[in-house]
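Fold and contact review
The chain contents come next:
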Amino acid sequence: MATPAGLSPASPPAIPGAAAVAACAAMAVSYVAVLYAPTVVLRLPPPTSLRAFLHRRFACAAVASTASALATAALLRVWSLGDFADMLAVFGVRKDHLLQAVVIPLLLTSLVYAGSFVNRLWLLASSWARDGDEVGVSCAQRLVLWIQAAVDDVMVWRNYVVAPFTEELVFRACMIPLLLCGGFKMSTIIFLSPVFFSLAHLNHLFELQQQGCNFMRSLLIVGVQLGYTVIFGWYAAFLFIRTGNLLSPIVAHVFCNMMGLPVFSSPRTKGVASVAFLAGSICFFWLLFPATSPELYNTRLDRCRCWHGFCNWK
């Protein structure tokens with residue numbers, strides 16, 4: 001292969017930076033707008049249950065993601081690459097280095113949650129001490145029941161499957177190649193692309209208002225969400241650019257959705273969670289660049305510091 005993803009540095013066509021930004025903005029708006037299309041455009045009756053509501057949204061997210069991928073392919077003319085694997089590689093869909101792309105980002109992300117792990121282990125130890133041997137006997141049964149409940153829970157599919165896969169496809173796999181081809185530097189893209197990711201969450205303000213939440217409280221909730229999505233967006237964009245594999249930000253996204261906000265401190269752990277969080281955060285930033293070195297995720301770099309050869313091409 002001439003480049004890590006099998007691409008020639010001169011393969012993708014240049015597009016104006018303004019066009020790249022406009023395309024990204026259109027994708028962000030359409031990703032949200034499509035969610036309301038069944039009732040607003042198609043005039044379908046409102047869903048009668050949460051399951052039906054989310055199933056409809058799953059279909060809408062799939063349509064928006066597919067449309068974004070096709071639009072990106074058209075703008076970059078990826079079919080000129082010839083090989084289907086090379087076309088998919090533009091979006092970070094690759095079969096090589098899968099183990100590294102999954103395990104290393106997962107372990108790296110988990111460092112930020114060292115305080116959360118300590119807190120949960122502390123609660124588990126307290127439960128064992130209180131309930132005795134009965135806890136150990138029923139652990140396997142509880143795990144089986146938990147898995148069964150999770151598979152049947154539509155919110156689990158929303159938070160851990162549909163949202164991570166569709167959002168990372170649109171906001172990382174589609175937008176980042178467009179911005180790179182638009183001539184933006186990688187550092188600029190890491191801080192710019194999460195803006196689109198955050199804009200796609202502004203609809204939560206409208207939905208909270210519909211649920212009867214007052215404006216100031218809705219604004220505070222959405223403000224916290226936007227702050228969190230911006231920070232995560234920086235990290236996800238960084239992972240995608242450094243590893244060149246879409247699985248890396250997806251794994252981090254799923255893991256963060258499972259864990260929620262990191263635990264900074266907990267009174268019940270007598271400061272242990274705070275020490276763990278601090279130590280984990282220091283290790284995270286210390287390992288951030290070494291653990292995401294492109295050399296770990298690509299066979300050849302051809303003197304290129306990004307995964308797809310676009311920086312040589314520019």
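No experiment lies behind these values; they were computed from the predicted model shown.

Basis of the calculations
- Residues numbered from 1 in each chain as written.
- Predicted model: local features only at pLDDT ≥ 70, side-chain atom pairs only at ≥ 80, totals over all residues.
- Heavy atoms only, no water.
- Axes fitted to C-alpha atoms, helices over the stretch in contact; angles between N-to-C directions.
- Helix = DSSP H or I, 4+ residues; strand = E, 2+ residues; numbered from the N terminus.
- Parallel < 35°, antiparallel > 145°, perpendicular 65-115°, else oblique.
- Contact = heavy atoms within 4.5 Å.
- Nonpolar A, V, L, I, M, F, W, Y, C, P; charged D, E, K, R; others polar.
- Phe/Tyr/Trp six-rings, centres within 6.5 Å; stacked < 30°, edge-to-face > 60°.
- Buried < 20%, exposed > 50% of the residue type's maximum accessible area, 1.4 Å probe, protein only.
- UniProt positions renumbered as here; feature names shortened; annotations may be inferred.

**Looking at the packing of helix 1 (residues 17-33) against helix 8 (residues 154-181)**
Packed helices, taken two at a time, are described by the angle between their axes plus the distance between the axes. Viewed as axis vectors pointing N to C, helix 1 and helix 8 meet at an angle of 170 degrees, and their least axial separation amounts to 9 Å. Classed by the angle they form, the pair helix 1 and helix 8 counts as roughly antiparallel. Of helix 8, the residues touching helix 1 (which contributes Ala 20, Val 21, Ala 23, Cys 24, Met 27, Ala 28 and Tyr 31) are Thr 166, Glu 167, Val 170, Phe 171, Cys 174, Met 175, Leu 178 and Leu 179. Grouping the constituent residues of the contact of helix 1 with helix 8 by class yields 13 nonpolar, one polar and one charged.

**Overview of the packing of aromatic side chains**
As enumerated under the stated definition, the model contains eight aromatic pairs in all. Taken together, a centroid distance of 5.5 Å and an interplanar angle of 75 degrees make the contact between Tyr 31 and Phe 171 edge-to-face. In this pair, Tyr 31 is assigned in helix 1 and Phe 171 in helix 8, connecting sequence segments 140 residues apart. Taking relative accessible area as the criterion, Tyr 31 reaches 8% and is therefore assigned buried. Between Phe 117 and Phe 255 the ring centres are 6.3 Å apart and the planes differ by 45 degrees, which places this aromatic pair in the tilted class.

**With respect to the UniProt feature "transmembrane region" (unreviewed entry) in the protein chain**
Residues given the UniProt feature "transmembrane region" (unreviewed entry) here are residues 14-37, 58-79, 99-122, 169-197, 218-240, 246-264 and 271-289. Within the segment residues 58-79, helix and strand shares are 86% and 0% respectively, and the terminal C-alpha atoms sit 28 Å apart. For residues 99-122, the end-to-end C-alpha separation is 31 Å, with 88% helix and 0% strand making up the annotated structure.

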